[in-house]
Structure formats: C-alpha cells, structure tokens
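# Observations on the model geometry
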Amino acid sequence: MATLLFGPVVAKADAVLDWNLIAVNTSIANGQNPFAQARNAAIVQLAVFEAVNAITGDYRPYLGSIVAPHGASADAAAIEAAYRVLSTYFPASASTLGTARANSLAMIPDGQAKNDGIATGDAAALAMIALRANDGSSPAQFKIPGPAVPGDYQATPSCPIVNGIAVGTLFQWQSVTPFGILGVSEFLLDPPPALWSHEYAKAYNEVKTVGSASANSIERPQDRANVVLYYAASTPTQVFNQAAREVVAQEGRRSLSENARAFALINMALSDGAVTTFFNKYRYNFWRPETAIHGGDTDDNRKTDADPNWVPFIPAPCFPSYPSAHGTLSGAGAEVMRRLYGEAGHAITLSNPAVPTIVLHYGSFKQITDDISDARVYGGIHFRTDQDSGARLGRAVGTQVYKNNLRAKHGIDRDDD
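Residues numbered from 1 in each chain as written. Predicted model: local features only at pLDDT ≥ 70, side-chain atom pairs only at ≥ 80, totals over all residues. Heavy atoms only, no water.

## Digging into the layout of surface pockets
Under the convention used in this document: Two kinds of site are reported from a 1 Å grid over the protein atoms alone, namely cavities, where a 1.4 Å probe fits but cannot get out, and pockets, open sets with protein on both sides within 12 Å along at least five of seven lines, and residues are called lining when an atom falls within 4 Å of a point. Grid points are joined across faces, edges and corners, and a volume is the space filled by probe spheres set on the points. Put simply, DSSP H or I for four residues or longer makes a helix, DSSP E for two residues or longer makes a strand, and each gets a number counted from the N terminus. Three residue categories are used. Nonpolar comprises Ala, Val, Leu, Ile, Met, Phe, Trp, Tyr, Cys and Pro, charged comprises Asp, Glu, Lys and Arg, and polar comprises the others, including Gly.
Size it by volume and the second largest pocket reaches roughly 290 Å³. Lining of the second largest pocket is provided by 18 residues; of these, Gly-331, Thr-369, Asp-370, Ala-391 and Arg-395 occupy positions nearest its centre. For the lining of the second largest pocket, the secondary structure elements donating two or more residues are helix H12 (325–341), helix H13 (365–378) and helix H14 (384–404). Ranked by residues supplied to the lining of the second largest pocket, first place goes to H12 with seven residues. The residue inventory of the lining of the second largest pocket, partitioned by class, reads four nonpolar, seven polar and seven charged.

Structure representation (structure tokens):
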C-alpha cells in the first residue's frame with residue numbers, strides 16, 4: 001500500500017504537487033469522510049502555501065506570522081509543512097510519511113538553505129494546526145429526526161443507531177470555522193421546492209425513474225451507471241485535486257509559489273463548501289428521495305405516485321438531502337479552478353483504484369460537475385433540484401474564496417478575470 005500511494009513521488013518535480021497527492025491519499029487511507037478530507041486538505045495546503053510564501057513573498061499571507069530566513073529552500077519548506085501536518089493528524093501513517101519525506105528531501109542539497117526551509121515548514125504547519133485546534137469539526141454531533149412529517153428528513157436504512165434511534169450525522173459540520181469565506185449566514189439558499197409544486201413533481205419523477213436499483217438500461221444507461229459508481233467512490237477532494245494536478249502538469253509553466261497558492265485556494269473552497277452545505281441541509285431538513293417516494297401519497301401532490309418498495313441504486317448518505325453536498329463542494333472547487341486555469345481546453349483523465357474498471361475523460365470542469373449532478377440523481381440519492389442548488393451555492397463559495405484570499409502583493413493576478 002505504501003508503494004502504491006507514495007512510490008511515484010520521487011519521480012516528480014514539484015513538491016507542492018507531490019505532497020498534495022500524498023495528503024489526499026493519506027486521508028483516504030485513514031478512512032476520513034469526505035468533509036474531514038476537505039478540511040484536512042485545506043490545512044495541509046494552507047500550511048504549504050504559508051511556508052512557501054514566507055520565502056517567496058509573492059502573495060498576501062494567510063497567517064502572516066511566519067518569518068523565513070533569507071535564502072531558505074522553498075521546496076524543503078513545502079515538503080516539511082505537508083509532512084508535519086499529516087504526521088500530526090495521522091500518526092498511524094507516520095512510518096510511510098517519514099519515508100516519503102526522506103525521499104523528497106533527498107532531492108534537495110544538504111546545507112543551511114535546506115535546514116532553514118525545513119524550519120519554516122515546521123513553523124507554518126504548527127501554526128495552522130494551532131489555528132484549527134478548536135474549529136468545531138469535533139466532537140461528533142447527531143440529529144435526532146422528528147416525527148415523520150411530509151418533506152422532513154428521516155434517517156435511511158444505512159444510518160447509524162445512537163441510543164436506539166437512527167440519526168442524521170455530521171450535525172456539527174454547519175458550525176465548523178470557515179477557511180476563506182466571511183461566514184455561512186450569507187450563503188443561505190432559498191427553500192427547496194414546495195411539495196405541491198410542478199418543480200417538485202418533475203424532480204421526484206426523474207429520480208424515481210432513473211435512480212431506482214431496478215432501473216433498466218434505457219432508464220439508466222451504462223455511462224450514467226458508471227458515473228454513479230465512480231462518484232460514489234470518489235470524494236470531491238480526491239476528484240478536484242487529481243484534476244488540478246493533471247492540468248498543472250500539462251501546462252508545465254506554473255511556479256512552486258503559484259501552485260502552493262492554487263492548491264490552497266482550491267481546498268479552502270472545497271472545505272468551506274462543506275460548511276455551507278451543512279448549514280443549509282440542517283436548516284431546511286429536507287427528505288431524501290427514498291423517504292419521499294415511500295411517502296408519495298402524503299405530499300399533497302397528485303403527480304407523485306408512491307412506491308413503498310422503491311430502493312435507490314446506491315445507499316443515501318445520513319443527512320438531509322437539500323442541497324447536494326457533492327454538488328456544493330464540486331461547484332466550489334470547480335469555480336476556483338475555472339478562475340485559475342480557464343474553464344475548458346483541458347485533457348483530464350480521472351481514475352480511482354476503488355473502481356478500477358471505470359475511467360472518465362473530460363475537457364472542461366463543467367463536464368465534471370455535470371456528471372456529478374447526474375451521478376447523484378441516477379444514484380437515487382438526490383433530487384435534481386438538490387444538485388442545481390448545490391451547484392449555485394458552490395459557485396458562490398468558490399467566488400468569494402478566490403476573490404478574498406491569497407491575492408498577489410503587486411499588480412493583478414495573472415489568472416484574474
């Protein structure tokens with residue numbers, strides 16, 4: 001496993017990209033949920049940015065408290081910052097991380113510059129860890145569902161049992177301190193469609209038809225089944241960091257400093273997207289399609305026929321449906337990447353060892369987010385309206401993160417629009 005995850009690192013040329021891959025894979029190997037993955041990646045990439053930027057001085061800092069000796073190695077700083085955060089949060093991976101660190105640092109000549117870079121990376125990592133020590137991500141909190149009222153969230157079969165009751169999870173995530181937005185209250189969405197509305201009936205009947213476990217190949221073609229399975233196994237952090245690494249490698253013109261900033265912004269947006277989606281989820285407490293279709297005769301809509309035996313293609317996550325978390329996080333990450341790299345003209349190939357027979361090819365970020373939207377509907381776990389609202393929310397979060405953080409010190413950012 002260590003060879004699979006970290007073996008290729010020494011063959012690459014950019015410490016930011018190398019350790020971004022290591023960071024994402026370490027979170028996955030340690031079983032983190034998608035939202036903890038996003039938070040961890042943001043901490044790692046901000047520590048890397050702060051360490052590198054303390055040496056290069058290209059951008060306005062995030063912390064502003066890290067001072068680097070003149071001539072310190074920015075590569076050593078990036079490696080050490082990522083290593084220190086990861087080894088602190090994931091002690092079970094300490095040996096593998098230590099080997100990766102040694103391999104990466106071996107490519108940098110020994111001397112004062114290397115030592116000063118390591119010290120700068122340590123300082124940035126420890127400062128970021130301290131900043132996020134009490135950010136609301138723990139302890140775990142649960143939502144006990146109320147009575148079975150039409151439209152209200154009810155736990156689905158895969159949800160955990162706490163004190164004898166099936167509960168909603170990650171209730172605390174709405175209160176996690178954001179990284180790059182001013183606060184969550186300004187990201188309150190309009191309510192989901194009224195149950196009696198045509199819009200709701202249209203979304204209901206779409207997911208009922210294409211998202212059923214028993215849907216045939218006409219209702220859910222194989223390419224849609226593939227995206228369901230791929231994005232069920234692949235988190236937004238995994239998807240958009242992989243896509244960003246591919247785009248940067250193809251461009252071949254971004255500096256270490258530019259990459260440090262870009263990956264910090266992308267992962268700040270992903271994590272803040274998670275906070276805003278849970279703020280809205282538990283505000284509106286909207287039921288999952290599975291619950292809705294079982295209770296279709298209770299919603300006061302004559303166009304929504306009930307089916308008490310309906311089962312989704314994939315299990316529903318254990319929290320309210322509106323808006324889609326995958327849609328929000330993906331929209332946020334894609335918006336930052338659009339501003340950094342342009343919307344289209346890319347050659348992105350996504351693969352995941354968890355689903356080895358499925359490989360997806362994209363030329364634009366919108367193609368990825370469109371597939372993610374389909375994946376959740378064809379998977380039977382979201383209404384299309386959940387996806388559309390999540391995408392809008394994510395774009396708003398990504399825009400604010402990009403515009404308000406890590407700006408160039410002098411002049412206009414090359415990737416500004």
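## Description of the pattern of salt bridges
For the record, the criterion: Any Lys or Arg side-chain nitrogen found within 4 Å of a carboxyl oxygen on Asp or Glu counts as a salt bridge. Under the scheme applied here, a residue whose accessible area is under 20% of the maximum for its type counts as buried, over 50% as exposed, and between as partly exposed, the area being computed with a 1.4 Å probe on protein chains only.
Counted by the stated rule, this structure contains 16 salt bridges. In this structure, the salt-bridge partner of Arg-84 is Glu-80, at a minimum N-O distance of 3.0 Å. Linking Arg-84 with Glu-80, this pair stays in helix H4 (residues 74–89), spanning four residues, or about one helical turn. A relative accessible area of 25% places Arg-84 in the partly exposed class. It is possible to trace a salt-bridge network through shared partners that takes in Glu-206, Asp-223, Arg-224, Asp-371, Asp-374 and Arg-384.

## Things to note about the environment of Ala-396
Looking at the element boundaries, Ala-396 is found in helix H14. In this structure Ala-396 comes out as partly exposed when scored by relative accessible area, which is 36%. Remark: the alpha-carbon pair of Ala-396 and Leu-21, spanning 375 residues in sequence, is separated by 27 Å.

## Examining the state of the cysteines
The test is simple: Criterion for a disulfide: a pair of cysteine sulfur atoms within 2.5 Å.
Counted under the stated rule, the structure contains one disulfide. Here Cys-159 engages in a disulfide with Cys-318; their sulfurs sit 2.4 Å apart. Disulfide Cys-159 to Cys-318: torsion about the S-S bond roughly -110°, handedness left-handed. Residue Cys-159 is found in the loop between helix H6 (112–131) and strand S1 (161–162), and its partner Cys-318 is found in the loop between helix H11 (289–294) and H12; the two are separated by 159 residues along the sequence.

## So, the nonpolar core
Rules: Here the nonpolar core consists of buried residues drawn from Ala, Val, Leu, Ile, Met, Phe, Trp, Tyr and Cys, with membership extended through side-chain atoms lying within 4.5 Å. Throughout, a contact is declared for two residues whenever any of their heavy atoms are within 4.5 Å.
Counting 116 residues, the largest nonpolar core has Tyr-231, Tyr-341, Leu-350 and Ile-368 as its most contacted members. Broken down by element, this core gets its largest block of residues, 15 residues, from helix H10 (residues 256–284). Residues in contact with Ile-368, not counting those within four places in the same chain, are Tyr-231, Val-239, Phe-240, Ala-243, Ile-348, Leu-350 and Tyr-362.

## Points about H12
Our working definition: To estimate the expected span of a helix, count its residues, drop one, and scale the result by 1.5 Å. Identification of polar contacts relies on pairs of N or O atoms within 3.5 Å, with a donor-acceptor requirement for protein atoms, meaning one able to donate a hydrogen and the other able to accept it, and with residues adjacent in sequence counted only if both atoms are side-chain atoms.
Between the first and last C-alpha of H12 there are 24 Å, a value that for 17 residues agrees with the 24 Å anticipated at 1.5 Å per step. Taking burial as the measure, the 17 residues of H12 include 16 buried ones, the bulk of the element. A side-chain oxygen of the first residue of H12 lies 3.4 Å from the backbone nitrogen of His-326; this N-cap is Ser-324. Two residues or fewer past H12, Gly-342 is found with a positive phi of approximately 90°.

## What about helix H2 (residues 15–29)?
Helix length check: H2 (15 residues) gives 21 Å between terminal C-alpha atoms against 21 Å at 1.5 Å per residue, within 8%. Its side-chain oxygen 2.8 Å from the backbone nitrogen of Val-16, Asp-14 forms the N-cap of H2.

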